[in-house]
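One letter stands for each residue in the lines below.
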Amino acid sequence: MTHESNSSVHNEGPSRLSVPSSFQTIFSYYDNSTLFITNATTESLLQVKEATQPPALPSAVPTSDCPKADSSLLNENVKVGLLFASKATVQLLTNPFIGPLTNRIGYQIPMFAGFCIMFLSTIMFAFSGSYVLLFIARSLQGIGSSCSSVAGMGMLASIYTDDEERGNAMGIALGGLAMGVLSLQLFILQPSRAQPESQTGTSLFELLRDPYILIAAGSICFANMAIAMLEPALPIWMMETMCSRKWQLGVAFLPASVSYLIGTNIFGPLAHKMGR
């Protein structure tokens, strides 16, 4: 949105000529020459500008998709990075509270609440017209994702007590992240009354002292660093160097979703056979 507004300003800028009383310079983009004119009137300056302006050439790539000359786009990496990071930050702060909550009221209500929050944030993304609203929508995704993922994994762990079945079920469930089945949850999830879990949850401080949990958390952290680096930087780099269309920016991340879908369904059963 910022780039398109800057592009319109840049496009209007060269067409405006300030006319001093005695001296004027005009740069011709046609032959890279500079014209020095003295005591010229507005009409004569416009005639010279039209004469030196090259004819319009057909372009296969729209101007808004080719921002090589837009220097302001270089400063967008920070804002885009903060936008992506807001979800992870909010989810990091929310996860410790969702776990104990599921022990008190069960899994179905947090899962359905997470679905509603994610649906609301998606609608906000579609109609937001400012960076602040986009930031709020992305932060809401963190809350919704926390409710859905923590409650969902907890539900699978409680239902599938067999080690092999649990691994397969979690692999299929995580594959749903890559398929984007947000709308299908509306027909599957039905919120019911609060039903506390029979088992008492372990305290957060005791879990943080468990070396296996720390190793697992660290592994997930480092594994997500690669995609975290690409998400804010790759689209802007593609716009600058390749003049990529907007649909191409989205397709660039499609292999990541496909490989995630394949990997979760393969390594679930494989981890049971080889060890995790």
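As a starting point, this report considers the structure included with it. (Residues numbered from 1 in each chain as written. Predicted model: local features only at pLDDT ≥ 70, side-chain atom pairs only at ≥ 80, totals over all residues. Heavy atoms only, no water.)

A short note on the overall build of the chain
Okay, step 1: Within the chain, the regular secondary structure consists of 12 helices and 2 strands.
Okay, step 2: The linear arrangement of helices and strands in the chain, starting from the amino end, is α-β-β-α-α-α-α-α-α-α-α-α-α-α.
Okay, step 3: Considering the chain as a whole, with its 276 residues, one finds that 24% of them fall into the buried category.
Okay, step 4: Long-range pairs, those at least 24 residues apart, make up 69% of the contacts in the chain with a sequence separation of at least 6.
Okay, step 5: For the chain, the accessible area works out to roughly 18600 Å², and carbon and sulfur atoms hold 66% of it. (Helix = DSSP H or I, 4+ residues; strand = E, 2+ residues; numbered from the N terminus. Buried < 20%, exposed > 50% of the residue type's maximum accessible area, 1.4 Å probe, protein only. Contact = heavy atoms within 4.5 Å. Areas by Shrake-Rupley, 256 points an atom, 1.4 Å probe, with all protein chains shown as cover.)

Concerning a nonpolar patch on the surface
Okay, step 1: A cluster of nonpolar residues, Trp247, Val251, Leu254, Val258, Ile262, Ile266, Phe267, Leu270 and Met274, forms a patch on the protein surface that exposes about 920 Å² of accessible area.
Okay, step 2: Among the elements of the structure, helix H11 (246-251) and helix H12 (254-274) are those that each provide at least two residues to the nonpolar patch.
Okay, step 3: In terms of residue count, the dominant contributor to the nonpolar patch is H12 (7 residues).
Okay, step 4: Relative to the helices and strands, Val251 is located in helix H11.
Okay, step 5: Judged by its relative accessible area of 41%, Val251 is partly exposed. (Patch = residues over 30% accessible without salt bridge, like charges linked within 9 Å, V, L, I, M, F, W, Y side chains within 5 Å. Salt bridge = Lys/Arg side-chain N within 4 Å of Asp/Glu carboxyl O.)

What to know about helix H9 (residues 211-223)
Okay, step 1: The first and last C-alpha atoms of H9 sit 18 Å apart over 13 residues, in line with the 18 Å expected at 1.5 Å per residue.
Okay, step 2: Its side-chain oxygen 3.0 Å from the backbone nitrogen of Tyr212, Asp210 forms the N-cap of H9. (Expected span 1.5 Å × (residues − 1). Polar contact = N/O pair within 3.5 Å; in protein donor to acceptor, adjacent residues only side chain to side chain.)

Regarding the packing of helix H4 (residues 108-127) against helix H5 (residues 131-159)
Okay, step 1: At their nearest, the axes of H4 and H5 sit 8 Å apart, and the two run at 155° to each other. Between H4 and H5, the angle is such that the two are roughly antiparallel. The way H4 lies across H5 gives a crossing that is left-handed. (Axes fitted to C-alpha atoms, helices over the stretch in contact; angles between N-to-C directions. Parallel < 35°, antiparallel > 145°, perpendicular 65-115°, else oblique. Left-handed = near helix turned anticlockwise from the far one by under 90°.)

A short note on the environment of Met170
Okay, step 1: By the element assignment, Met170 lies in helix H6 (residues 163-179).
Okay, step 2: Spatially, the C-alpha atoms of Met170 and Thr264 are 8.2 Å apart, while their sequence positions differ by 94 residues.
Okay, step 3: Beyond its immediate sequence surroundings of up to four residues, Met170 is in contact with Met153, Leu156 and Ala157.

Any link to function would need more than the numbers given here.
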